[in-house]
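# Residue-level structure breakdown
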Amino acid sequence: MTFAEPLIFEVGAPGRRCVQPPPDETAEISLDDLAVEPTLPVLPEVSELDLLRHFTRLSHRNFSIETHFYPLGSCTMKYNPKINERTARMSGFAHLHPYQSEADLQGALELMYELERALCAIAGMDRFTLQPAAGAHGEMTALLMARAYFDHKGERRTKILIPDSAHGTNPSSARLAGFKVVQVKSDARGNVDLEALKTHIDNEVACLMLTNPSTLGVFEENIVEIQRLIHEAGGLLYYDGANLNATMGYARPGDMGFDLVHINLHKTFSTPHGGGGPGAGPVGARGELVDFLPSPLIEKNDGAFRFADAKHSIGRVRSFFGNFLILVRAYTYMRAHGPEGLKSVSEHAVLNANYLLSRLKEAYTLAYDRRAMHEFVLTAKRQKEKGVRALDIAKKLLDYGFHAPTVYFPLIVEEAIMVEPTETESRQTLDAFAEAMLAIARDAESDPQQVLGAPRGLPVTRLDEVGAARNPVLRWETPS
Ligand SMILES: *Cc1c(COP(=O)(O)O)cnc(C)c1O
């Protein structure tokens with residue numbers, strides 16, 4: 001069904017109204033009295049039904065996790081169970097005001113206290129701050145803590161080591177926190193290249209930032225050796241926990257030797273994100289680093305919960321308590337699953353990824369021919385020889401009713417197509433996706449025109465994305 005949906009401004013007619021407010025008898029200030037040249041806002045003039053139909057029709061065009069499979073790699077776009085929304089909406093949570101007294105906030109503080117303990121258990125850390133509003137915010141928080149830690153010890157360390165497979169937020173956070181970024185090569189198996197790493201290690205290194213499993217979807221096989229090398233040089237290890245969905249209950253960053261971690265609650269613990277919605281990126285610390293956590297922390301004394309400051313706190317990184325209702329959702333998800341349930345989430349995430357990998361590895365080329373964790377990276381190198389690129393394949397999937405996977409990331413894989421099915425998809429959905437990918441591979445081989453220029457069956461076809469980014473049209477001009 002493809003028909004053009006007009007702009008809301010094109011739907012109405014002059015003078016048409018949704019609601020008719022009673023005449024305003026209080027207005028005494030005329031715009032003429034204001035010193036500025038009055039410019040009245042141009043608003044759509046529509047009836048309630050016009051308005052409703054317009055937005056309802058637009059809403060039906062959304063790709064969402066509740067209508068379509070979303071095999072987006074690296075960012076764990078999993079289903080958000082509805083029970084999370086039920087608890088987040090409970091009046092005792094939703095209508096709290098952060099300026100209420102500590103006594104009034106006891107329930108909220110208890111939830112945060114329990115969430116912190118659960119995160120410590122899952123990550124093998126001593127304490128967590130729940131303040132950071134996203135993973136990237138957590139990265140910066142942790143690096144500011146690392147800075148404060150080395151300042152405190154009187155050491156001047158300026159470098160952050162980051163593998164070339166890392167998410168772009170890692171180098172950005174390092175720069176924002178005032179460090180120099182040093183890129184470390186990956187080897188042919190997708191691990192950190194140990195020889196390259198050794199050449200970069202010296203007493204200027206503050207921290208190595210590592211995602212494990214990495215954005216290539218593989219577990220770092222040399223993590224024990226890596227943490228030994230970094231720690232021997234007096235540096236710290238930072239764990240980017242965006243891929244925790246692969247390892248919950250099986251492997252803990254604390255046990256791997258990481259000193260600092262962030263966890264994206266909106267990814268692993270299923271709170272809505274992707275449309276720029278609120279997230280939460282709690283940061284965990286171990287040992288001496290706990291003293292540098294942001295304020296406030298929450299402590300329990302004699303059954304009461306209260307705010308406290310770490311000894312050398314770096315201060316606040318977010319107003320109040322972070323995105324509190326995101327914390328409620330994540331806590332609900334943990335309690336609804338329980339420890340065994342969370343383990344089984346990871347098991348199914350890994351099983352689903354490897355099932356798809358095995359179905360697709362003949363038709364496409366695997367970037368790293370290894371068992372995957374929760375996601376894997378294909379390359380469209382072979383299809384490219386026929387003129388079909390990763391972008392065309394991603395767009396063609398839309399015609400089959402699947403959201404496009406992440407493409408051209410990680411940057412080190414040519415024509416990358418990154419697939420993360422997550423644990424919530426059924427065997428039938430995975431098979432349907434595999435069949436679509438295989439059909440596209442056959443078309444790319446025998447009839448590339450079928451794939452080029454896709455999507456064709458959607459309300460909008462191939463968009464000029466570069467044009468849209470370079471010359472955005474952000475203003476609606478009323479036709480004269
Ligand atoms: C999503 C992601 C981040 C950034 O997290 P945000 O919550 O989006 O700020 C960092 N690293 C990796 C590997 C990611 O997938």
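Partitioning the protein into structural domains gives domain 1 (1-61), domain 2 (82-337) and domain 3 (347-467). Listed per partner, the contact involves 24 residues of domain 2 and 19 residues of domain 3. Where domain 2 abuts domain 3, roughly 1,600 Å² becomes buried across the two surfaces, and 57% of that area is made up of carbon and sulfur atoms. Between domain 2 and domain 3 we count one salt bridge in total. Counting across the interface, domain 2 meets domain 3 through seven residue pairs in polar contact (both at pLDDT 80 or more). Considered class by class, the residues forming the side of domain 2 that touches domain 3 number nine nonpolar, eleven polar and four charged.

With that settled, consider the sheet that holds strand S6 (residues 260-262). Strand order in this open sheet of seven strands is S1-S7-S6-S5-S4-S2-S3, and the pairing throughout is mixed. Across the chains shown, the open sheet's two edge strands, defined by having one partner strand only, are strand S1 (127-129) and strand S3 (180-184). Neighbouring strand axes in the sheet, compared pairwise and without regard to direction, differ in orientation by 25° on average. When strand S4 (residues 205-211) meets strand S5 (residues 236-240), the two strands line up parallel, connected through five bridges. Opposite Thr211, over in S5, you have Asp240 as the bridge partner. Docked against the sheet, helix H9 (residues 223-232) engages strand S2 (159-163), S4 and S5, running at close to 140° with respect to S5.

Counted residue by residue, S4 has seven buried out of seven residues, so it is predominantly covered. Pairing between S2 and S4: three bridges, direction parallel. In the sheet register, Ile160 faces S4, and the bridge partner there is Cys207. Taken together, S4, H9 and S5 constitute a β-α-β crossover, and its handedness is right-handed.

This brings us to the site of the ligand. Close contacts around the ligand come from 15 residues, with Gly135, Ala136, Asp240, His266 and Lys267 the closest. Within the backbone of Ala136, one N or O atom sits 2.8 Å away from an oxygen atom of the ligand. Between a nitrogen atom of the ligand and a side-chain N or O atom of Asp240, the distance comes to 2.6 Å. At the level of secondary structure, the elements contributing two or more residues to the shell around the ligand comprise helix H6 (135-153) and helix H11 (265-268). For the shell around the ligand, the element with the most residues is H6, which contributes three residues. Its residues assigned to classes, the shell around the ligand comprises four nonpolar, eight polar and three charged.

Below, the discussion takes up unusual backbone geometry. The bulk of non-glycine residues show a negative phi, and the bulk of peptide bonds are trans. The residue after Asn212, namely Pro213, is reached through a cis peptide bond having omega 0°. Tracing the backbone shows Pro213 in the loop between S4 and H9. With an omega of -10°, the peptide bond running from Ser295 to Pro296 counts as cis. On the secondary structure map, Pro296 appears in the loop between strand S7 (283-285) and strand S8 (297-301).

Turning our attention to a nonpolar patch on the surface. Residues Leu7, Phe9 and Val42 make up a contiguous nonpolar surface patch of about 240 Å² in total accessible area. Looking at the element boundaries, Phe9 is found in helix H1 (residues 8-11). Take Phe9: its relative accessible area is 31%, and that puts it in the partly exposed class.

Right, let's talk about the nonpolar core for a bit. Residues Leu119, Leu161, Leu197, Phe258, Ile263, Leu265 and Phe269 are the most contacted members of the largest nonpolar core, which totals 55 residues. Put simply, the parts of the chain that give this core at least two residues each are helix H5 (106-123), S3, helix H8 (194-200), S4, H9, S5 and helix H12 (324-360). Contact partners of Ile263, with chain neighbours within four places excluded, come to Leu119, Ala123, Phe128, Leu244, Phe269, Ala280, Gly281 and Pro282. Counting residues in hydrophobic clusters, the runner-up holds 29 residues, among them Leu366, Ile393, Phe402 and Val419.

Turning next to the side chain of His262. One can find His262 in strand S6. By relative accessible area, which is 1% here, His262 ends up buried. Side-chain polar atoms of His262 contact the side chain of Asp240, separated by 3.5 Å. Filtering out sequence-adjacent residues up to four positions away, His262 remains in contact with Gly135, Gly138, Glu139, Tyr238, Tyr239, Asp240, Gly241, Ala242, Gly281, Pro282 and Val283.

Let us now look at the packing of H12 against helix H15 (residues 427-446). Helix packing for two helices is described by the angle between their axes and how far apart those axes are. Interhelical geometry of H12 versus H15 gives an angle of 30° and a closest axis separation of 10 Å. Taken together, the axes of H12 and H15 are roughly parallel relative to one another. For the pair H12 and H15, the sense of crossing is right-handed. Across from Asn352, Tyr355, Leu356, Arg359 and Leu360 in H12, the residues of H15 making contact are Arg427, Leu430, Asp431, Phe433, Ala434, Glu435, Met437 and Leu438.

The terminal C-alpha atoms of H5, which comprises 18 residues, lie 25 Å apart, in line with the 26 Å expected from a rise of 1.5 Å per residue. Within the span of H5, buried status applies to Ala108, Leu109, Leu111, Met112, Tyr113, Leu115, Glu116, Leu119, Cys120, Ile122 and Ala123. At the C-terminal side of H5, Gly124 shows a positive phi close to 70°.

Criteria and cut-off values
Residues numbered from 1 in each chain as written. Predicted model: local features only at pLDDT ≥ 70, side-chain atom pairs only at ≥ 80, totals over all residues. Heavy atoms only, no water. Domains from an automatic or database assignment. Contact = heavy atoms within 4.5 Å. Buried area = accessible area lost by both parts, 1.4 Å probe. Salt bridge = Lys/Arg side-chain N within 4 Å of Asp/Glu carboxyl O. Polar contact = N/O pair within 3.5 Å; in protein donor to acceptor, adjacent residues only side chain to side chain. Nonpolar A, V, L, I, M, F, W, Y, C, P; charged D, E, K, R; others polar. Pairing = 2+ DSSP bridges. Helix = DSSP H or I, 4+ residues; strand = E, 2+ residues; numbered from the N terminus. Axes fitted to C-alpha atoms, helices over the stretch in contact; angles between N-to-C directions. Buried < 20%, exposed > 50% of the residue type's maximum accessible area, 1.4 Å probe, protein only. Right-handed = clockwise from strand over helix to strand, strands pointing away. Near = heavy atom within 4 Å. Patch = residues over 30% accessible without salt bridge, like charges linked within 9 Å, V, L, I, M, F, W, Y side chains within 5 Å. Areas by Shrake-Rupley, 256 points an atom, 1.4 Å probe, with all protein chains shown as cover. Core = buried A, V, L, I, M, F, W, Y, C linked by side-chain atoms within 4.5 Å. Parallel < 35°, antiparallel > 145°, perpendicular 65-115°, else oblique. Left-handed = near helix turned anticlockwise from the far one by under 90°. Expected span 1.5 Å × (residues − 1).

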